[in-house]
Every structure is written in structure tokens, then in C-alpha cells.
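Structural overview
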Amino acid sequence: MDSTPPRKPATVICCGQVVLDHTFRVDEVQAPPSKTTARGYNLGIGGMGAHAAIAVVRLGGRALFWGRVGDDEAGAAQAEALDAEGVDVTHLRRIPGAHSALSAVIVDKMGERAIVTYRGDGLSPDPSWLPLDLLAEAGAVLTDPRWPEGSHVVLDAAAAIGLPTVLDAEKSEARILRDLVPRVGHAIFAATGLSVFGGGAPPRESLRRALASGPLKMVAVTRGEDSTLWMVPGDDKPREMPAFPVQATNTTGAGDVFHGAYALAMAEGQGIEAALRFASAAGALRARDGATPDRAMVEALIGTLIAA
Ligand SMILES: Nc1ncnc2c1ncn2[C@@H]1O[C@H](COP(=O)(O)OP(=O)(O)OP(=O)(O)O)[C@@H](O)[C@H]1O
Ligand SMILES: [Mg+2]
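Just so it is clear, the structure is predicted and the values come from calculations on it, not from any experiment.

Burial within strand β4 (residues 62–70) is extensive, with eight of its nine residues counted as buried. In this sheet, β4 lies alongside strand β1 (residues 11–15) in parallel orientation, the contact comprising five bridges. The partner of Cys-14 across the bridge, within β4, is Phe-65. Alignment of β4 against strand β5 (residues 92–95), held across four bridges, turns out to be parallel. Residue Arg-68 lies in a different strand from β5, and its bridge partner there is Arg-93. Regarding topology, helix α2 (residues 73–84) serves as the crossover connection from β4 to the parallel β5, and that connection is right-handed.

What follows is the structure in C-alpha cells.
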């Protein structure tokens, strides 16, 4: 169960979504028509790839973020926030005239959330500027479905040099997931993403189809406070990685942190089961605290399993 970080930090390249999250805390998310007073407000970085990149750094790795923002205020704030977290933003591209992505995140007192995302405007999908030669310096790559053209070329170039690849298979259009999943080594679905991918088939069947769709090494589906189901080639039915029991205060970003932690574990050469445990602990702490944990916190939580 050792997940001690290696002496030289492992590098993860995160290619995908960055969003500026406006988070409102309310007692209850009310159905419209309604007016609700927020109990608290926070402006912070969000988006699968960006959140995951921050998690990689907090957990002791080195992260490069590849993605697109506009040349507006939100884009500047996104670049600044990632840089302040220690993420390499040399290849965060600011696209002239484009609008950056934004979200309104409404979190209730149980820590559950409703999210409205504006995916930006004018963020050219052209991936031809991506510095693919830098993949040779990385230990793993993580992509998501919000910039499919970028993910597509990054996954293919990484596969060509045998680099471990991870996909955050979040809810997206079915055609996007069906294009990306067969290109990746480790596809980790959100429950809604798996349902879209499998056309509503039961999780076990959808995971089987995902595993059979390409040379995948592992498929999984995260299910919040319930266990993560996962399969490797040759498995007939899913295995279970239990979730760590915590009192959740804000589950936003738990999935993003889970994926960042898993990709870092791959870059460090951890095995699949150890990586899933490491990621589950990181995701649980994120849900408990509403903040991304550091390595020592994750190690301590994993340690409670050994002590038990
Ligand atoms: N309430 C919780 N208690 C314990 N662990 C949790 C909880 N919520 C999330 N986690 C951990 O984080 C992982 C990812 O969470 P979840 O399945 O909610 O991601 P998601 O649906 O992709 O959501 P998002 O990407 O918006 O965070 C879970 O598999 C689990 O390991
Ligand atoms: Mg998610």
C-alpha cells in the first residue's frame, strides 16, 4: 500500500478543460421560479483538467496544463490561479477575441451541487500548436472530453511512445466518448458519462463494452460515496474499490481530484489497485473539505486502512 512519492517528482500533462467557478453556498437548491440568498461565495479555478493539474502538484507531482482560454479577464484569472498553484501554464493558450469558460456552482448544505457551465466562445478547437514532443518528458497524460480535438491528438501521440494515458470520461456527447475511449489506456467514467457511453445499458455491460473497444488496460466508474467499479482485461465482472467514509461538505471537483491523483500514481509507476486507492482517498478528502488535499493527508487516510 506504499504510495510514498518518488524523490524526483513525476510529471503529468493535463490536457483539457479550465473554467472559472463562481461558487454560491445556499441552504437548499430551489427549483425555478425561485430567489435564493447565498450564505457564501467564492471565485476559484475549476474544470476537469485544470483541477486535476492542481491536484497533481498538491500531491507531490509536476503538472503541465495544456488548454485554451480567451484573452478576457476570466482567462487572465485562470492563468494566474493555475500558476499560483505551481502548475506550468507555458502552454495555456490565450486565444484573441475568445471568451473563457465559466461556471455557476450552487452548493447546498449537504455538500451536493448544481452546476451551470458556459463553455466559452471562439475557443478554436485547432490542436496543431500542441507541443507533442514534450510528451517524452512526462510520466502520464490525463485528458477530458471538453476539448476532444486536443485529447484525440494527445492520446494518439502518447500511445505511440507507450506513455500511460488516462481519460476523465465525464458526461459528454456519446460520439465524443466513443471516439476517445478506444484511444486511452485507463478510462475512468463518471456515472453519467458511462450511461451516455453505454446508451443506458447497466454499468457492468457498459464497462465491458468500453474495455473491449480498444487496447484498454483498465476501465472504471466513480460513484461518489459508493464504491468505484473497475475492470481489467480478462475480468468477467467489475471489482470494487470502496469509497473512504467521510462527512462531505462540498463534492465539487472530487472527480477531478480523483483523476489527477490516479494519473499521478500511474506516472509514479504504482499498480492499478494502489492507484485507485490513492485516488479514492484524494477524492474523499476533497469531498470532505471542499479543498484539494496534500500528499500527507492522503497517506494518513490510506494509513487508517492499515491500522483498522
Ligand atoms: N461523499 C463522498 N464520500 C467519499 N468519497 C467521495 C465522496 N464523493 C466523492 N468521493 C470520491 O471521489 C470520487 C469521484 O467522485 P464522483 O463520482 O462524485 O465524481 P464525478 O461524478 O465525476 O463528479 P465531479 O467531477 O463533479 O467531482 C469517488 O469515486 C470517491 O472515491
Ligand atoms: Mg467528474
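Read on for the rest.
Along the chain, Arg-62 falls in strand β4. On a C-alpha basis, the gap between Arg-62 and Asp-88 in space is 8.1 Å, while along the polypeptide they are 26 residues apart. For Arg-62, the residues in contact, after removing those within four places along its chain, are Pro-9, Ala-10, Thr-11, Val-12, Val-56 and Glu-137. Here the side chain of Arg-62 touches Thr-11 through a polar contact of 2.9 Å, side chain to side chain.

Moving on: the packing of aromatic side chains. Summed over the entire model, instances satisfying the criterion amount to three aromatic pairs. With 5.3 Å between their ring centres and 55 degrees between their planes, Phe-24 and Tyr-41 make a pair best called tilted. Of this pair, Phe-24 sits in strand β2 (residues 19–25) while Tyr-41 is found in strand β3 (residues 40–46), placing the two residues 17 residues apart along the sequence. With a relative accessible area of 29%, Phe-24 lands in the partly exposed category. With centroids separated by 5.8 Å and ring planes inclined at 15 degrees, the aromatic side chains of Trp-129 and Trp-147 adopt a geometry described as stacked. Pair noted here: Trp-129 is in the loop between β7 (113–118) and β8 (140–143) and Trp-147 is in the loop between β8 and α3 (148–160), with a separation of 18 residues, a long-range link. As far as burial versus exposure is concerned, Trp-129 and Trp-147 are alike and both buried. Over the ring of Trp-230 we find Arg-239, and its NZ or CZ is 4.8 Å from the ring centre.

The next thing to look at is the sheet that holds β8. For sheets, the rule is that strands pair by backbone hydrogen bonds, running either parallel or antiparallel. Strands sit in the order β5-β4-β1-β8-β9-β10-β11-β12-β13 across an open sheet of nine strands; the sheet is mixed. Looking along the sheet, the strands with just one partner apiece sit at the ends: β5 and β13 (239–241). With strand direction ignored, the average angle separating the axes of adjacent strands in the sheet is 20 degrees. Each of β1, β4, β8 and β9 (165–169) is contacted by α3, which is oriented at about 160 degrees to β8, the strand it contacts most. Against the sheet, helix α8 (residues 272–289) contacts β10 (186–190), β11 (218–223), β12 (226–231) and β13, and its axis sits at roughly 40 degrees relative to β13.

Parameters at a glance
Residues numbered from 1 in each chain as written. Chains lettered and ligands numbered in written order. Predicted model: local features only at pLDDT ≥ 70, side-chain atom pairs only at ≥ 80, totals over all residues. Heavy atoms only, no water. Buried < 20%, exposed > 50% of the residue type's maximum accessible area, 1.4 Å probe, protein only. Helix = DSSP H or I, 4+ residues; strand = E, 2+ residues; numbered from the N terminus. Pairing = 2+ DSSP bridges. Right-handed = clockwise from strand over helix to strand, strands pointing away. Contact = heavy atoms within 4.5 Å. Polar contact = N/O pair within 3.5 Å; in protein donor to acceptor, adjacent residues only side chain to side chain. Phe/Tyr/Trp six-rings, centres within 6.5 Å; stacked < 30°, edge-to-face > 60°. Lys NZ or Arg CZ within 6 Å of the ring centre and 35° of its normal. Axes fitted to C-alpha atoms, helices over the stretch in contact; angles between N-to-C directions.

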